[in-house]
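Chain by chain, the residues:
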Amino acid sequence: MSTSCCIGISTMKPCCRILIGCKSCSFFGISTRKLNHSVVDNLSKLRSKSVRRRRYRSCNSRIAEYIRVIDQDRRAFCVSDPNSGKSSLFSGVHNRGTSRRGSKRGVLVIANVASDFRNHSTSVEAHVNEKNFERIYVQGGLNVKPLVVERIETGPDDVVKEQESGVEVNGPNTVNVDNFKDLKDPINVEREVSEIEREAWRLLQDSVVSYCGNPVGTVAANDPADKQPLNYDQVFIRDFVPSALAFLLRGETEIVKNFLLHTLQLQSWEKTVDCHSPGQGLMPASFKVRTVPLDGSNGAFEEVLDPDFGESAIGRVAPVDSGLWWIILLRAYGKITGDYGLQERVDVQTGIRLILNLCLSDGFDMFPTLLVTDGSCMIDRRMGIHGHPLEIQALFYSALRSSREMLTVNDNTRTLVAAINNRLSALSFHIREYYWVDMKKINEIYRYKTEEYSTDAINKFNIYPDQIPAWLVDWIPEEGGYLIGNLQPAHMDFRFFTLGNLWSIISSLGTSKQNEDILNLIESKWDDLMGQMPLKICYPALEYEEWRIITGGDPKNTPWSYHNGGSWPTLLWQFTLACIKMGKPDLAEKAVALAEKRLGVDQWPEYYDTRSGRFIGKQSRLFQTWTIAGFLASKMLLENPERASLLFWEEDYELLQTCVCALGKTGGRRKCTRFAARS
Ligand code: GLC
């Protein structure tokens, strides 16, 4: 029996998270065999050097998976002890070469250890020197992100294997960009492919970004004539989702796997905005592959990944939706490929947990909805969506449902899983009850009494009836309804936000009746929401004083342009998914046909302007990748409704039950009205 040893070191601001394992593994090029009792000292030295040297992740930072311990016996793991700062022993059992279940048990054992590293990690200052490192390490440290070094050291025979993720350069599973040559001639698609689809596939292929020879994502826009691409030459997490779906539905899975793993690596990146470090689970809004001179070599270059966590973004907006999209895409990858091994990996499980920890951490919140700043999602500029915007809540709900399916349940995650269940339950209740408006509800609000002080208040948020906007009085149809954009004390944002409403349908955040009604509303308001180009990002636009006050007079967000009532073709794939779920694919077909008439001719714009989406957006990028991919994904989803069904969720009655039980047990003062919120 050989001994496995894990060393968890939390350090100062890292340039990357490093997983060390195997025979002659090295830490920044220095053999880890030398790591012994004074490992903390050594690592602090190495780390100090490395931090000075690099701020990027380079190809050399391999993505390794430490989930297989090839030993049938009991094994001991040596991990950092948060109390002593020294090593202590953990033990676990692992079966080699057993069934999937068996190997999973092995995963659990190490998963516990690995995640303990993070939980026990202590933050220390970037400029820490060797002397004070141990003090800080032991005492709890300064406010800087930890570097987590996870190491499984083997016995003399090095029986612990690292399983490579398949993204290592020249590794056996390497994805060659040439594989995408096929896309030029999509022969795999059985039906006749139209000229416009052919063009779309070619453009999508051209947008592929590779890192160390492997495809890892797609740029946001790829217009050769654009002299000022700003950050549109980067891979955005949210933008890549439709690209990923198009690739997955076509059987091109490696790019998606690579994307998921590389962005995961960026999660524990150094991130500071003016001396402040956001939470460790934060995913970047985007990343770029840069070529930089190789340290110490003459004229040689290496590729590095350079993430943007909002520190360079216009307005310094927080990419709250990135982590949620990442989780949703991870689930989609498993569902479509059947490769569940990816989500079971220790590092991936830890990634999910970090994102969830960030979302579920306690704050001053009174509601189960996620509290965010303005512009923290697709609408990444000031648009009055701070607080509890629907888009974030719907993605949050979808990510929680995804995580519930993917998280490995063990002693370490049991509390988290319980928290997820409770949050799911409370969140859907809250949204169904308080965000929903239809004719009846608006009439109720119209007659609200205000200034009610009691737990039994009908008008809980003290909404003044005068807030009902004039446009809504005429706009709300007799049949149908929707979820409002935002809810805060004395404030209901009655604007219709498309992405949030679509994801409420897709994830069953709304009741089945509500979901049906949302689609009914879209159908009856077709001219307003689809117009000449699907799909309005929100309706209606902010105008005059409201525009001036709420957007700050943003010239890019003028009425009926960009985020302020502009039309975004990328929303099409999400609309398609919602339609398929609700048994109305014909509606989606109608919208896709509308888009198909113009997208290619107009050179695949990012967005359209005017009330009916007639003009190409004022500052719209052309050859926008998520426009292209969204169109392709819509087409493929319509052709493969059974595949589409893997991507949405039905009502979960167990969750409804949880809510009733939980309230009952804690002796809630009022009877849970959860079931009332059901259709
Ligand atoms: C704009 C959009 C944002 C998108 C990015 C890249 O900033 O507002 O949603 O992710 O462009 O396309």
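Everything numeric here is computed off the predicted structure, so don't read it as measured data.

Peer 1: Please set out the confidence of the model for the protein residue by residue, giving values where relevant.
Peer 2: Detailed reading of the predicted coordinates is not advisable wherever pLDDT is low. Looking at the protein, the pLDDT average stands at 76 and 69% of residues meet or exceed 70. Note on residues 62–189: pLDDT is under 50 here. Beyond four places in sequence and across chains, it has 336 contacts. pLDDT under 50 marks residues 661–679. Its contacts with residues more than four places away, or in other chains, come to 32 contacts.

Peer 1: Account for the pattern of salt bridges, with residues named and values stated.
Peer 2: A complete count under the given rule lists 20 salt bridges for this structure. With its nearest N and O atoms 2.6 Å apart, the salt bridge here joins Arg 404 to Asp 652. Taken together, the positions of Arg 404 in helix H10 (residues 390–406) and Asp 652 in the loop between helix H21 (641–644) and helix H22 (653–665) put the pair 248 residues apart, joining distant regions of the chain. Assessed through its relative accessible area of 23%, Arg 404 is described here as partly exposed. Of the charged contacts in the structure, one is a salt bridge between Glu 596 and Lys 635, with a shortest N-O distance of 2.8 Å. Residue Glu 596 is located in helix H19 (residues 585–598), and its partner Lys 635 is located in helix H20 (residues 625–639); the two are separated by 39 residues in the primary sequence. Because the salt bridges share partners, they merge into one network encompassing Arg 401, Arg 404, Asp 652 and Glu 654.

Peer 1: Could you give an account of the packing of aromatic side chains, with specific residues and numbers?
Peer 2: As enumerated under the stated definition, the model contains 22 aromatic pairs in all. Measuring from ring centre to ring centre gives 6.2 Å for Trp 503 and Trp 573, while their planes differ by 75 degrees; the resulting arrangement is edge-to-face. Remark: Trp 573 occurs in helix H18 (residues 572–581) and Trp 503 occurs in helix H14 (residues 498–507); sequence separation between them is 70 residues. Relative accessible area serves as the criterion here: at 2%, Trp 503 is assigned to the buried category. Ring centres of Trp 604 and Phe 631 lie 5.6 Å apart, and the angle between their planes is 55 degrees; this geometry places the pair in the tilted category. Linking Trp 604 in the loop between H19 and strand E20 (608–609) with Phe 631 in helix H20, this pair joins segments that are 27 residues apart in sequence. The same class applies to Trp 604 and to Phe 631, which are both buried. An aromatic cluster is built from Trp 471, Trp 475, Tyr 482, Phe 496, Tyr 539 and Trp 560, whose rings are joined through pairwise contacts. Across from the ring centre of Trp 201, 4.5 Å away, lies the NZ or CZ of Arg 250, which sits over that ring. Positioned over the ring face of Tyr 562 is Lys 556, at 4.3 Å from the centre of the ring.

Peer 1: Go over the sheet that holds strand E16 (residues 436–438), please, and point to the residues and values.
Peer 2: The strand order across the open sheet built from 4 strands is E16-E17-E18-E19, with neighbouring strands paired in antiparallel fashion. Strands at the two margins of the open sheet, each flanked by one partner only, are E16 and strand E19 (538–539). Of the pairings in the sheet, the one linking strand E18 (residues 491–497) to E19 comprises 2 bridges and is antiparallel in character. By the bridge assignment for E19, Phe 496 is matched with Tyr 539. The strands touched by helix H11 (residues 414–434) within the sheet are E16, strand E17 (481–488) and E18, with E17 carrying the most contacts at an inclination of about 110 degrees. Across the face of the sheet, H14 comes into contact with E17, E18 and E19 while running at roughly 80 degrees to E18.

Basis of the calculations
Residues numbered from 1 in each chain as written. Predicted model: local features only at pLDDT ≥ 70, side-chain atom pairs only at ≥ 80, totals over all residues. Heavy atoms only, no water. pLDDT = per-residue confidence, 0-100. Contact = heavy atoms within 4.5 Å. Salt bridge = Lys/Arg side-chain N within 4 Å of Asp/Glu carboxyl O. Helix = DSSP H or I, 4+ residues; strand = E, 2+ residues; numbered from the N terminus. Buried < 20%, exposed > 50% of the residue type's maximum accessible area, 1.4 Å probe, protein only. Phe/Tyr/Trp six-rings, centres within 6.5 Å; stacked < 30°, edge-to-face > 60°. Lys NZ or Arg CZ within 6 Å of the ring centre and 35° of its normal. Pairing = 2+ DSSP bridges. Axes fitted to C-alpha atoms, helices over the stretch in contact; angles between N-to-C directions.

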